[in-house]
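Coordinate inspection notes
As a plain string of letters, each chain reads:
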Amino acid sequence: MSVTDSPDLRASDADRDRVAAVLSEALAAGRLTSVEHADRLDLAYTAKTVGELAPITKDLPDVSAGNVPTAIEQQVIDSKFSKVIRKGRWVASRNTRLSARFGALIIDLSDAVLPGREITIETNAWFSKMIVRVPENAHVIDEGSSVFGKRNVTGGSEADGPLIRVTGASKFSKVIVSRGVSDWNLR
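Residues numbered from 1 in each chain as written. Predicted model: local features only at pLDDT ≥ 70, side-chain atom pairs only at ≥ 80, totals over all residues. Heavy atoms only, no water.

**Overview of the nonpolar core**
Note that soluble globular proteins tend to have their nonpolar side chains buried in a common cluster. Judged by nonpolar contacts, the single largest core of 23 residues is most densely connected at Leu98, Leu109, Val134 and Ile164. Elements represented by at least two residues in this core include exactly β3 (95–101), β4 (104–108), β5 (118–126), β6 (129–133), β10 (163–167) and β12 (174–178). Each residue touching leucine 109, except ones within four places of it in the same chain, is listed here: Trp90, Ala92, Leu114, Ile119, Ile121, Val132, Arg133, Val134, Pro135 and Ile164. In this structure, Ala11, Ala20, Ala44 and Ile56 belong to the second largest nonpolar core, which totals 15 residues. (Core = buried A, V, L, I, M, F, W, Y, C linked by side-chain atoms within 4.5 Å. Buried < 20%, exposed > 50% of the residue type's maximum accessible area, 1.4 Å probe, protein only. Helix = DSSP H or I, 4+ residues; strand = E, 2+ residues; numbered from the N terminus. Contact = heavy atoms within 4.5 Å.)

**Quick look at the pattern of salt bridges**
Taken as a whole and assessed by the stated rule, the structure comprises 7 salt bridges. Residue arginine 40 pairs with aspartate 59 through a salt bridge whose shortest N-O separation is 2.9 Å. One end of the pair, arginine 40, is in helix α2 (residues 34–46); the other, aspartate 59, is in the loop between α3 (50–53) and β1 (74–80), and 19 residues separate them in sequence. Using a relative accessible area of 17% as the deciding quantity, one classes arginine 40 as buried. Arginine 165 is the salt-bridge partner of glutamate 143, the closest N and O atoms lying 2.7 Å from each other. Linking glutamate 143 in the loop between β7 (139–142) and β8 (145–147) with arginine 165 in strand β10, this pair joins segments that are 22 residues apart in sequence. Among the residues examined, glutamate 143 registers a relative accessible area of 44% and is labelled partly exposed. (Salt bridge = Lys/Arg side-chain N within 4 Å of Asp/Glu carboxyl O.)

**Section: the side chain of serine 99**
Mapped onto the elements of the fold, serine 99 is located in strand β3. Polar contacts involving the side chain of serine 99 include one to the side chain of arginine 101, which spans 3.3 Å. The contact partners of serine 99, leaving out residues within four places of it in the chain, are Ile77, Asp78, Ser79, Leu105, Asn124 and Met130. (Polar contact = N/O pair within 3.5 Å; in protein donor to acceptor, adjacent residues only side chain to side chain.)

**Describing the packing of aromatic side chains**
Taken as a whole and judged by the stated rule, the model has 4 aromatic pairs. Seen from their ring centres, phenylalanine 102 and phenylalanine 127 are 5.0 Å apart, and the 0° between their planes marks the pair as stacked. With a gap of 25 residues between them, phenylalanine 102 in the loop between β3 and β4 and phenylalanine 127 in the loop between β5 and β6 connect regions that are remote in the sequence. Residue phenylalanine 102 is classed as partly exposed on the basis of its relative accessible area of 44%. The class for phenylalanine 127 is partly exposed, based on a relative accessible area of 43%. Geometrically, the ring pair formed by phenylalanine 148 and phenylalanine 172 is stacked, given 5.2 Å between the ring centres and 10° between the ring planes. Taken as a pair, phenylalanine 148 in the loop between β8 and β9 (150–153) and phenylalanine 172 in the loop between β11 (169–171) and β12 lie far apart in primary sequence, 24 residues in all. (Phe/Tyr/Trp six-rings, centres within 6.5 Å; stacked < 30°, edge-to-face > 60°.)

**Comments concerning the side chain of serine 170**
Tracing the backbone shows serine 170 in strand β11. Discounting chain neighbours no more than four positions away, the residues touching serine 170 are Ala125, Ser145, Ser146, Val147, Arg151 and Val175.

Written as structure tokens, this is what we have:
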């Protein structure tokens, strides 16, 4: 069934995610600016019906399920005996596993393209420092644990932003999830 066949049908999360995939591909191909992408992504995730979704991508080529990058679903960022920094404009995944062993891993999601309204960040650190900066409007739920370490996760937001679920375990490590950069630096 096409999106336009039943425009009054309630949109599902899968419908919104398909539109988000088309928008992400258009951003990566240079068909949309980052501002246009952000505006259209907001419209996609606030759409209530499939009829509201149709105009968002009408001027963009369709992305078949086979062309949707697997990075949208799952991604691993790893640091061993090193310092790894991911910041600026990049496409995050729905499930991102962060792994640090005897190093530092700094991930900035504040300018990242998020593939949906909910993402999961798995933070696994051993003898390391891990910092995750989330968007100002994000609602954060911490489901992780720490042994002989420090875990500082800045929680919820009243804004209607993405839900970021933080899981994983840290041992002899420091894990910080925050909105600001006052207590750490991204350099």
